[in-house]
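# Reading the structure
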Amino acid sequence: MSVLDVPRQEWRRVLHEGQPKWVRPEGDRLLLGDGRHLADSEATYLPPCDPTKILCIHLNYDSRRVEFKAPMLETPTYFQKPVTALNSHRGMLCRPAGHKYLNYEGEVGVIIGKPMRNVSREESWDYIAGFAPANDVGCQDYRDTDAGSMLRVKGQDGFCPIGPGIVSGVDIRKSTLRTYMNGKMVQEGAISEMLFPIDYILADLSRFITLLPGDIILSGTPKNSRPMNPGDLVEVEVSGLGRLSNKVVEAPAPVHKVGHQPTDTDSVRRVALGSDWVRTEAR
């Protein structure tokens, strides 16, 4: 049965008494499987899935395409985050000391429910376990060297927070994504504005790549991705799914000065600051 057609259901995963537990939200409390309740405010969240891979689309909202003055796309391109990038609701986002451009990118995370290979667009909804708000965090200081692979830009530890839970029974095509920075809305985009809809992405990827239960597909971000600073609270909300919340902290800089170092060039600023950089350059 399609993930769109079942009754709405949400499952979250928390660490309770030293063990991972699946819980269902009931107002401001979480119901454990044995009948006990846990206050949501006291919960330590875990990611709502165990992916073998995290696959992401590069550019998938027309508002972002327009912001970067990019031509219309005929086909999408993708990149991959390591599974060590996985993070949870209320997890910390670490910006290494000496780095400037740690950007948020609010997205819809698609979580696969059963093995998927060479599946049509129409069938793809039957293979989805559910959806969750996600943040495709990127350290744009490395864009000069990793613009294609995005490995160090998007693949650092903790750069894929997702949650709070996994939700089925919501027609995600009718939802709206919003990102908030310290309570102020900084991104907004209807899911219907995607250049390549979720079913297209899944059908495209599964032609050649077997998607497995728990795998995450990040489906793109609207315009206005901007840098975060230590102390900032960033939240990604998707109507019908809930709100993901993470705080930015400063981490120590890497100990060894090996490899490409963070840069602050026009190409970095163009992506990190978007249209803000364009307006600055025009003055």
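Now for a quick tour of the structure. For clarity, every value in this text was computed on a predicted model and none was experimentally measured.

## Considering the overall build of the protein chain
- Summing up its helical and strand segments, the protein chain has seven helices and 21 strands in all.
- At 18 Å, the protein chain has a C-alpha radius of gyration in line with the 19 Å of a compact globule built from 283 residues.
- Overall, the protein chain is about 60 × 40 × 35 Å in size when its C-alpha atoms are taken along their principal axes.
- Here the contacts in the protein chain between residues at least 6 apart in sequence split such that 76% fall between residues at least 24 apart.
- Working note: accessible area of the protein chain is about 12700 Å², and carbon and sulfur atoms make up 52% of it.
- For the protein chain, the distance from the average site of its 35 positive side-chain charges to the average site of its 36 negative ones is 2 Å.

## Concerning helix α5 (residues 198-205)
- Of all eight residues in α5, seven are buried; the element is thus mostly enclosed.
- Of all the positions in α5, only Ile198, Asp199, Ile201, Leu202, Ala203, Asp204 and Leu205 are classed as buried.

## Things to note about the environment of Thr263
- Assignment of secondary structure puts Thr263 in the loop between β21 (242-251) and α6 (266-273).
- Aside from chain neighbours lying at most four places away, what touches Thr263 is Asp141, Asp144 and Val268.
- A distance of 2.9 Å separates a polar atom in the side chain of Thr263 from a polar atom in the side chain of Asp144.

## Details of the pattern of salt bridges
- A full pass over the atoms with the stated rule returns 24 salt bridges.
- A salt bridge links Glu67 to Arg226, with the nearest nitrogen and oxygen atoms 2.9 Å apart. You can see Glu67 sitting in helix α1 (residues 62-67) and its partner Arg226 sitting in the loop between β18 (216-218) and β19 (227-228), a full 159 residues away along the chain.
- A relative accessible area of 10% places Glu67 in the buried class.
- Note that Lys100 is salt-bridged to Asp264, the shortest N-O span being 2.7 Å. Within this pair, whereas Lys100 is found in the loop between β9 (92-96) and β10 (102-103), its partner Asp264 is found in the loop between β21 and α6, the two being separated by 164 residues in sequence.
- Given a relative accessible area of 44%, Lys100 falls into the partly exposed group.
- Residues participating in the shared-partner salt-bridge network are Arg8, Glu10, Arg12, Asp40 and Arg90.

## A short note on unusual backbone geometry
- Of note, the amide linkage connecting Gly163 to Pro164 takes the cis form, showing an omega dihedral of 10 degrees.
- Within the secondary structure, Pro164 sits in the loop between β14 (160-161) and β15 (165-168).
- The phi angle at Asn182 is positive, at roughly 50 degrees, despite the residue not being glycine.
- Position of Asn182 relative to the elements: it lies in the loop between β16 (176-181) and β17 (184-190).
- Given the relative accessible area of 46%, Asn182 is considered partly exposed.
- Although it is not a glycine, Asn224 adopts a positive phi angle of roughly 80 degrees.
- Tracing the chain through its elements places Asn224 in the loop between β18 and β19.

## Describing the nonpolar core
- Counting residues in each nonpolar core, the largest one holds 28 residues, and the members touching the most others are Phe131, Ile198, Leu202 and Ile217.
- Secondary-structure elements contributing two or more residues to this core are β6 (54-57), β11 (106-112), β12 (128-135) and α5.
- In terms of residue count, the dominant contributor to this core is α5 (four residues).
- Within the second largest apolar cluster, 27 residues are counted, among which are Tyr104, Ala132, Met150 and Met228.

## With respect to the sheet that holds strand β13 (residues 138-139)
- Pairing is antiparallel in the open sheet, where three strands are placed in the order β13-β10-β19. Where the open sheet ends on each side, the last strands, each with one partner, are β13 and β19.
- By the bridge criterion, two bridges tie β10 to β13 in an arrangement that is antiparallel. In the strand pairing of β13, Leu102 is matched with Cys139.

The rules behind each value
Residues numbered from 1 in each chain as written. Predicted model: local features only at pLDDT ≥ 70, side-chain atom pairs only at ≥ 80, totals over all residues. Heavy atoms only, no water. Helix = DSSP H or I, 4+ residues; strand = E, 2+ residues; numbered from the N terminus. Rg over C-alpha atoms; globule rule 2.2 N^0.38 Å. Contact = heavy atoms within 4.5 Å. Areas by Shrake-Rupley, 256 points an atom, 1.4 Å probe, with all protein chains shown as cover. Lys, Arg positive; Asp, Glu negative; His and termini not counted. Charge placed at Lys NZ, Arg CZ, Asp CG, Glu CD. Buried < 20%, exposed > 50% of the residue type's maximum accessible area, 1.4 Å probe, protein only. Polar contact = N/O pair within 3.5 Å; in protein donor to acceptor, adjacent residues only side chain to side chain. Salt bridge = Lys/Arg side-chain N within 4 Å of Asp/Glu carboxyl O. Core = buried A, V, L, I, M, F, W, Y, C linked by side-chain atoms within 4.5 Å. Pairing = 2+ DSSP bridges.

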